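Listed below are the residues making up each chain.
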Amino acid sequence: MDRFDAMLAFARVVETGSFTKAADTLHMSKTSVTQLVQQLEARLRVRLLNRTTRKVNVTADGAVYYERVLRLLADMDDAETSLSGAAAVPRGRLRVDVPSPLARMLLVPALPTFHARYPDIQLDMGVSDRIVDVIGENVDCVVRGGELTDQSLVARRVGDLRLRVYAAPGYLQGAGAPVHPRDLENSHHRIVGFLWSRSGKPLPYAMRRGEESVHVHGRYIVAVDDGNAYLAAGLAGLGVLWLPDYMAREHAARGELVALFEDWQLDAMPLYIAFPPNRHVSAKLRVFIDWVAELMATHAPVAAARPA
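Residues numbered from 1 in each chain as written. Predicted model: local features only at pLDDT ≥ 70, side-chain atom pairs only at ≥ 80, totals over all residues. Heavy atoms only, no water.

1. Details of the sheet that holds strand 4 (residues 121–127)
At step 1: With mixed pairing, five strands are arranged side by side in an open sheet as 4-3-5-14-6. One side of each edge strand has no neighbouring strand; the edge strands of this open sheet are strand 4 and strand 6 (154–161). Here the average twist between neighbouring strands, direction ignored, is 20°.
At step 2: Docked against the sheet, helix 6 (residues 100–117) engages strand 3 (92–98), strand 4, strand 5 (141–145) and strand 14 (269–275), running at close to 175° with respect to strand 4. (Pairing = 2+ DSSP bridges. Helix = DSSP H or I, 4+ residues; strand = E, 2+ residues; numbered from the N terminus. Axes fitted to C-alpha atoms, helices over the stretch in contact; angles between N-to-C directions. Contact = heavy atoms within 4.5 Å.)

This is the structure we're talking about:
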């Protein structure tokens, strides 16, 4: 039994939930994948998978082993791609996690250019606004907006998201246009709440105009924890929004959103790519980070250099 092939087959079965699908992705026969997993279980003397006629589930022991296998496979891949010849052509599997609006509006539409440059990189992209356990979930890197609270990660600042306040015309027709940010604290005005994963609740927005500074909480009838849903709620007229330019630009151009408080300023939201400090920065990870930084330089350039 080739232990590397056996671990790879086991990992792919867990990820696809099927011996047949695992075999297809590995370009092997189902029989070969099944035998490799059986030989691995025999060697370890533990059941890794529960098999039924309809599905395959990982056991408790199998789940623990799977996490270790992912790290081993990633380390082996990094070792190969770190060689001078391999590094010239980045290749292999890269696991990343990015915010849902950024994925939908910027990253995914631009991916054809990335894959044209690096056709041998297989990108597994988690799309969410949740906090990801980078080490525990074996993610190579995450793209996140806002100041990073996890000091155990290495971060590179790749952009600054300029924020503005918007509302849908339908909302303004019903509630009227607020003149001052404090108007949003009044009973007849509403915001759309965004539930930040770090706190599980909406946070106040700091706004400045000259020497005047206010922190706006606002009232909401709906709060969400996903950026795409947040935008959709605002477009539906459910309240006032705080949005980065890239999310609002096309909707504002079509008249679906109206900018408010244009003489007020909000601090830009920094955008970071973060990865574990003990993770070797492989060629595939390095080119992905550089590509995201290049993309954001067009859509949300870093305003000024400051420590990450």
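We are not done yet, so read on.
2. Quick word on helix 2 (residues 19–26)
At step 1: Listed as buried for helix 2 are Phe 19, Ala 22, Ala 23 and Leu 26. Buried positions in helix 2, seen along its axis, are confined to an arc of 100° and lie on one side of it. Those residues of helix 2 that are exposed and aimed more than 90 degrees away from the buried face are Lys 21 and Asp 24.
At step 2: Where helix 2 is buried, its residues touch helix 1 (3–16), helix 3 (30–44), strand 1 (49–51) and strand 2 (56–58). (Buried < 20%, exposed > 50% of the residue type's maximum accessible area, 1.4 Å probe, protein only. Arc of directions from axis to C-beta.)

3. Regarding the pairing of strand 12 (residues 241–244)
At step 1: Here strand 12 shows two buried faces, one formed by Leu 241 and Leu 243 and the other by Trp 242 and Pro 244.
At step 2: Pairing of strand 7 (residues 163–167) with strand 12 involves four bridges; the strand directions are antiparallel. Across the sheet, the residue bridging to Arg 164 is Leu 243, located in strand 12.

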